[in-house]
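For reference, the chains in residue letters:
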Amino acid sequence: MTQPTQRRSVANKARKKRDALLLLNLVLLILIITGGLFLWKEYRAQPNQASTPKISQVSQSTSSKEAKDSSSTSKAKENIKWVKQDQPIKLPILMYHAIHDMAPSEAANAGLIVSPATFESHLKALKEAGYYTLSPDEAYKALTENVLPENKKIIWLTFDDSLKDFYTQAYPILQKYQMKATNNVITGFVQAGREDILTLEEIKEMKQNGMSFEDHTVNHPDLSVSSPDAQNSELQDSKQFLDSNLSQTTTTVAYPSGRYSETTMQIAEKLGYKMGLTTNNGLASLSDGLLSLNRVRVNPTTTAQSLLDEIRN
Ligand SMILES: [Zn+2]
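**A look at the nonpolar core**
Within the largest apolar cluster, 39 residues are counted, with the highest numbers of intra-cluster contacts made by Leu94, Phe119, Leu126, Phe166 and Leu174. For this core, the secondary structure elements donating two or more residues are strand 2 (93-96), helix 2 (116-128), strand 7 (153-160), helix 4 (165-176), helix 6 (200-208), helix 7 (228-245) and helix 9 (304-311). It is helix 4 that provides the largest number of residues to this core, a total of five residues. Those residues in contact with Leu174 that lie beyond four places of it in its chain are Phe119, Leu123, Leu157, Phe166, Met179, Ala181 and Met211. Core analysis: the second largest hydrophobic core is formed by 17 residues, Leu91, Ile93, Ala254 and Ala284 among them.

**Details of the side chain of Asp165**
Looking at the secondary structure, you find Asp165 in helix 4. In this structure Asp165 is buried but unpaired, with Lys164 as the nearest side chain of opposite charge at 10 Å. Apart from the residues within four sequence positions on either side, Asp165 is in contact with His97, Ala98, Ile99, His100 and Ala170.

**Quick word on the coordination of the zinc ion**
Looking at the metal site, the zinc ion is ligated by Asp161 (OD), His216 (NE2) and His220 (NE2), spaced 2.1 Å from it. Mapping the donors of the zinc ion onto the primary sequence gives the spacing D-x54-H-x3-H.

**Re helix 2**
Across its 13 residues, helix 2 extends 18 Å between first and last C-alpha, which sits within 8% of the 18 Å expected from 1.5 Å per residue. Turning to helix 2, its buried residues are Pro116, Thr118, Phe119, His122, Leu123, Ala125 and Leu126. Among the residues trailing helix 2, Gly130 stands out with phi positive, at a value near 85°.

**What to know about the environment of Thr118**
Locating Thr118 in the fold gives a position in helix 2. With relative accessibility at 18%, the residue Thr118 sits in the buried group. Along the primary structure Thr118 and Asn299 are separated by 181 residues, whereas in three dimensions their C-alpha atoms are 9.8 Å apart. Ignoring anything within four residues of it in the chain, the contact list for Thr118 reads Pro300 and Thr302.

**Here we look at the packing of aromatic side chains**
Within this structure, the stated rule accounts for seven aromatic pairs. Between Tyr96 and Phe119, the ring centres sit 5.1 Å apart and the planes meet at 85°, which makes this aromatic pair edge-to-face. On the criterion of sequence distance, the pair formed by Tyr96 in strand 2 and Phe119 in helix 2 is long-range, its members being 23 residues apart. Centroid distance Tyr167 to Tyr171: 6.0 Å. Interplanar angle 15°. Geometry classified as stacked. In this pair, Tyr167 and Tyr171 are both assigned in helix 4, four residues apart and thus about one turn of the helix distant. Note on Tyr167: relative accessible area 23%, which makes it partly exposed. Following the ring pairs from residue to residue traces out a cluster consisting of Tyr96, Phe119, Phe159, Phe166 and Phe213. Sitting over the ring of Tyr273, Lys239 keeps its end group 5.8 Å from the ring centre.

**Things to note about helix 9**
Where helix 9 is concerned, the buried positions are Ala304, Leu307, Leu308 and Ile311. Projected onto a plane normal to the axis of helix 9, the buried residues spread over an arc of 95° and lie on a single side. Elements that come into contact with the buried residues of helix 9 comprise strand 2, helix 2, strand 5 (131-133), strand 7 and strand 12 (293-297).

**As for the side chain of Glu138**
Along the chain, Glu138 falls in helix 3 (residues 136-145). Among the residues examined, Glu138 registers a relative accessible area of 13% and is labelled buried. Here Ser135 takes part through its backbone nitrogen, which lies 2.9 Å from a polar atom of the side chain of Glu138. Once residues lying within four places of it in the same chain are set aside, the contact partners of Glu138 are Ile80, Trp82, Tyr132, Thr133 and Lys180.

**Quick notes on the pattern of salt bridges**
Applying the stated criterion to the full structure yields 11 salt bridges. A salt bridge links Glu128 to Lys124; the nearest nitrogen and oxygen atoms lie 3.2 Å apart. In this pair, Glu128 and Lys124 both sit in helix 2, four residues apart, roughly one turn of the helix. On the basis of relative accessible area, Lys124 is assigned to the partly exposed category, the value being 41%. Notably, a salt bridge pairs Asp222 with Arg259, separated by 3.0 Å at the nearest N-O pair.

**So, the packing of helix 2 against helix 9**
A pair of packed helices is characterised by two quantities: the angle between their axes and the separation of those axes. Look at helix 2 against helix 9: their axes get within 9 Å of each other, and the N-to-C directions meet at 50°. Regarding the angle of helix 2 to helix 9, the classification is oblique. Note on packing geometry: the crossing formed by helix 2 with helix 9 is right-handed. Listed contacts from helix 9 to Ser121, His122, Ala125 and Leu126 of helix 2 are Ala304, Leu307, Leu308 and Ile311.

Conventions used here
- Residues numbered from 1 in each chain as written.
- Predicted model: local features only at pLDDT ≥ 70, side-chain atom pairs only at ≥ 80, totals over all residues.
- Heavy atoms only, no water.
- Core = buried A, V, L, I, M, F, W, Y, C linked by side-chain atoms within 4.5 Å.
- Buried < 20%, exposed > 50% of the residue type's maximum accessible area, 1.4 Å probe, protein only.
- Helix = DSSP H or I, 4+ residues; strand = E, 2+ residues; numbered from the N terminus.
- Contact = heavy atoms within 4.5 Å.
- Lys, Arg positive; Asp, Glu negative; His and termini not counted.
- Salt bridge = Lys/Arg side-chain N within 4 Å of Asp/Glu carboxyl O.
- Donors = N, O, S within 2.8 Å, 3.2 Å for Na, K, Ca; no water.
- Expected span 1.5 Å × (residues − 1).
- Phe/Tyr/Trp six-rings, centres within 6.5 Å; stacked < 30°, edge-to-face > 60°.
- Lys NZ or Arg CZ within 6 Å of the ring centre and 35° of its normal.
- Arc of directions from axis to C-beta.
- Polar contact = N/O pair within 3.5 Å; in protein donor to acceptor, adjacent residues only side chain to side chain.
- Axes fitted to C-alpha atoms, helices over the stretch in contact; angles between N-to-C directions.
- Parallel < 35°, antiparallel > 145°, perpendicular 65-115°, else oblique.
- Left-handed = near helix turned anticlockwise from the far one by under 90°.

Distances and angles like these do not, on their own, reveal function.
Printed below as a string of structure tokens:
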């Protein structure tokens, strides 16, 4: 009796062992399949995971590059925030000619000569009073869009006749106060190489350092009594000289001795001038017409205080 029982129990044990092995294999198989599926999923997921950060890196570097670009551009524009005004803007456009200490022999031209010391007192007072000096483009923007730089007053410093002392006297003082100015050039005098007139090299050097150069005709004639043809060539030839030699689009003409007519303005407009400067005394405003803008004449006796009083608006 014991033997068959023993045999059965042995067979039982063997079956149990086989079942356990089978179960173990089954578990292993499930583990392998699950693991395989998991790895396969991981593998498939990897290319996506790898490309996702790549895209975000690209977009990040692009956006940081854009940020850099825009900051450098705005830096070049001196970070000016232009603010729209309710009332029409009145712009003081100062008119200077020569800046040097007058010699007794120059008494006849005394009205056009301001001493360097007086000129410096003007710039110092303007700086302290919060004035910002405009370029021709900025003057055009201020007048046509009726905007001002935030928390600043505006002024446009102009000099007529491209005199040598603009380089030797005025320019170093302008640089000292970090202010910019516009000189209206008599192009025929520059081309003739006159000793008392700026050279093209001096003009180019100053232009690189923030000064601007606009038009004052070829020969400084009285345009109001010149024929339309003569006016046309005076305004066209000088503009072409400045445009090509200074790689710019000249926008402004100062009429010689402030002499001009309706015909002069029509010709200037046709040739592409956007602004015309007169010698009519007063603050400039859009309502006077962009081709007949007033200026404020600066005399040898103009003190810093009288200047501030005159341009207050
Ligand atoms: Zn002049």
